Amino acid sequence: MKKHLSSISVIFFALASGLIFGIGLILAGMANPAKVLAFLDLAGLWDPSLGLVMGGAIGIGLVAFAIAKKRHLSYLGLSMQLPTSRIIDKRLVLGGLVFGIGWGLVGICPAPAFVLLGVGSIKGIIFVIAMLAGMGIFELLESCRKPAGK
Amino acid sequence: MLIDWNNFTPWTALAGGALIGIASAMFVLFNGRIAGITGIMGGLLKPKSGDIGWRLAFIIGLIIAPVVWQFFTPLPAMQIDASYILLVLAGLIVGISTRYGSGCTSGHGVCGISRLSPRSIVATLAFMGTGFLTVYFVRHVLGA
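Residues numbered from 1 in each chain as written. Chains lettered and ligands numbered in written order. Predicted model: local features only at pLDDT ≥ 70, side-chain atom pairs only at ≥ 80, totals over all residues. Heavy atoms only, no water.

Engineer: Looking at this structure, I do not really get helix H2 (residues 33-40) of chain A. What am I missing?
Structural biologist: Spacing of three or four residues puts side chains on the same side of an α-helix, whose turn is 3.6 residues. Of all eight residues that make up H2 of chain A, seven are buried, and the element is covered over most of its length. Every buried residue of H2 of chain A is listed here: Pro33, Lys35, Val36, Leu37, Ala38, Phe39 and Leu40 of chain A. (Buried < 20%, exposed > 50% of the residue type's maximum accessible area, 1.4 Å probe, protein only. Helix = DSSP H or I, 4+ residues; strand = E, 2+ residues; numbered from the N terminus.)

And the structure:
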């Protein structure tokens, strides 16, 4: 019974986090690709708003992660799954550089993509399908690479 | 540099950012996880048992956000100017590269920087850099 209750609260907090995250994206203007592109367009008529989105999020995040780092278990008693790698490798840098190109082409990154899906925008749906296909292609390439060994 | 004061929305940007921060804080403190959309979604594509429910719940939370928003007030403008072909191309690029680089704007940009992770700081500088360059190239070199 206790285990059952705890799995319900895990789902509840995940759903609530996703919902609040999405509401934040809409309020901030991050779910509006035209506004994202206006932020990325330094040489045009520049809209600096999204810099403040990062500022607001990181301001709270700094406190939360400082607390999280000191804990072994979450408030629900789950182990803290924080990344431990500190290696800056080719995958990280190349992945980041290429992601910026895709983001700059249309002004949509993964979280706002799901919000646009919920809005029911045809263009948002097309982007999400392509993005999921891209993630699927990545999994296929990874599984082809692994059996051959590194 | 010319600032677009008419479309500058400092207060909603800060408040929206704070909500994103609160959501990430809640997720790490209760679920013990990083609110990185790439990682959460990626794990659904190679599902392990016991690892599906919370991932799906977070993604569903994002998807229903605009639906819940509309109960209270009309949605703000969400304008996608890109063509269908460009959306497919960019979607594929974003899907492959975020998995390859282990994160996107949420996982590296918000949570990673908040953790002061050197990896995430490098990744964020990388995608912000090419994001700025790509828009510069498309709008001011190609003139699209």
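We are not done yet, so read on.
Engineer: Hey, could you run me through the packing of helix H6 (residues 122-145) of chain A against helix H2 (residues 37-45) of chain B in this one?
Structural biologist: Relative orientation and spacing of two packed helices are given, respectively, by the angle between their axes and the distance between those axes. Contact pair H6 of chain A / H2 of chain B: the axes reach a minimum separation of 10 Å and the direction vectors enclose 65°. Every pair of crossing elements has a handedness; the one defined by H6 of chain A and H2 of chain B is right-handed. On H2 of chain B, the residues that touch Leu132, Met135, Gly136 and Glu139 of chain A of H6 of chain A are Thr38, Met41, Gly42 and Leu45 of chain B. Residues that form the contact of H6 of chain A with H2 of chain B fall into these classes: four nonpolar, three polar and one charged. (Axes fitted to C-alpha atoms, helices over the stretch in contact; angles between N-to-C directions. Left-handed = near helix turned anticlockwise from the far one by under 90°. Contact = heavy atoms within 4.5 Å. Nonpolar A, V, L, I, M, F, W, Y, C, P; charged D, E, K, R; others polar.)

Engineer: Can you help me understand a nonpolar patch on the surface in this one?
Structural biologist: On the surface, a cluster of nonpolar side chains totalling about 450 Å² of accessible area is made up of Leu62, Val63, Ile67 and Tyr75 of chain A together with Leu116 of chain B. When its relative accessible area of 55% is taken as the criterion, Leu116 of chain B is described as exposed. (Patch = residues over 30% accessible without salt bridge, like charges linked within 9 Å, V, L, I, M, F, W, Y side chains within 5 Å. Areas by Shrake-Rupley, 256 points an atom, 1.4 Å probe, with all protein chains shown as cover. Salt bridge = Lys/Arg side-chain N within 4 Å of Asp/Glu carboxyl O.)

Engineer: Help me out: how do you make sense of the pattern of salt bridges in this one?
Structural biologist: A side chain of one charge can pair with a side chain of the opposite charge if their charged atoms are brought near each other. Residue and element names in this part refer to chain A. Under the defined criterion, the tally for this structure stands at eight salt bridges over all chains. As a salt-bridge pair, Lys35 and Asp47 come within 2.7 Å of each other at their nearest N and O atoms. A residue pair is termed long-range when its members are at least 10 positions apart, and Lys35 in helix H2 and Asp47 in the loop between strand E1 (45-46) and helix H3 (49-69) qualify at twelve residues. Pair check on accessibility: Lys35 and Asp47 agree, each one buried. Here the salt bridges share partners, and the residues they tie into one network are Arg91, Glu142 and Arg145.

Engineer: Explain the side chain of Arg119 of chain B to me, please; I cannot follow it from the model alone.
Structural biologist: Mapped onto the elements of the fold, Arg119 of chain B is located in helix H6 (residues 118-141). By relative accessible area, Arg119 of chain B is classed as buried at 12%. A distance of 2.7 Å separates a polar atom in the side chain of Arg119 of chain B from the backbone oxygen of Ile87 of chain A. Every residue in contact with Arg119 of chain B, bar those within four places of it in the chain, is listed here: Ser85, Arg86, Ile87, Ile88, Asp89 and Leu92 of chain A together with Ser102 of chain B. (Polar contact = N/O pair within 3.5 Å; in protein donor to acceptor, adjacent residues only side chain to side chain.)

Engineer: Hey, could you run me through the side chain of His108 of chain B in this one?
Structural biologist: Mapped onto the secondary structure, His108 of chain B falls in helix H5 (residues 105-114). Taking the relative accessible area as the measure of exposure, His108 of chain B reaches 5% and is therefore buried. Setting aside residues up to four positions removed in sequence, His108 of chain B forms contacts with Leu92 of chain A together with Gly101, Ser102, Gly103, Ile113, Ser120, Ala123, Thr124 and Phe127 of chain B.

Engineer: How should I be thinking about the environment of Ile11 of chain A in this particular structure?
Structural biologist: The topology assignment puts Ile11 of chain A in helix H1 (residues 2-28). Its relative accessible area of 35% is what places Ile11 of chain A among the partly exposed residues. Once residues lying within four places of it in the same chain are set aside, the contact partners of Ile11 of chain A are Gly53, Trp54 and Ala57 of chain B.

Engineer: What is the right way to look at the interface of chain A and chain B in this model?
Structural biologist: Many analyses report the size of an interface as the accessible area lost when the parts associate. Listed as interface residues are 106 residues of chain A and, on the opposing side, 106 residues of chain B. When the buried surface of chain A facing chain B is broken down by residue, Phe21, Phe65 and Lys123 of chain A rank first, second and third, together holding 7% of it. Applying the counting rule to chain A against chain B returns three salt bridges. Between Arg99 of chain B and Glu139 of chain A there is a salt bridge, and its shortest N-O distance comes to 2.8 Å. Summed over the shared surface of chain A and chain B, the number is 23 residue pairs in polar contact (both at pLDDT 80 or more). In terms of residues, the side of chain A that touches chain B owes the most to one element, H1 of chain A, which gives 18 residues. For the side of chain A that touches chain B, the residue count by class is 73 nonpolar, 23 polar and ten charged. Inspection of the sheet shows E1 of chain A paired to strand E1 (residues 2-3) of chain B by two bridges, in the parallel sense. From the neighbouring strand, Trp46 of chain A faces E1 of chain B, where its bridge partner is Ile3 of chain B. (Buried area = accessible area lost by both parts, 1.4 Å probe. Pairing = 2+ DSSP bridges.)

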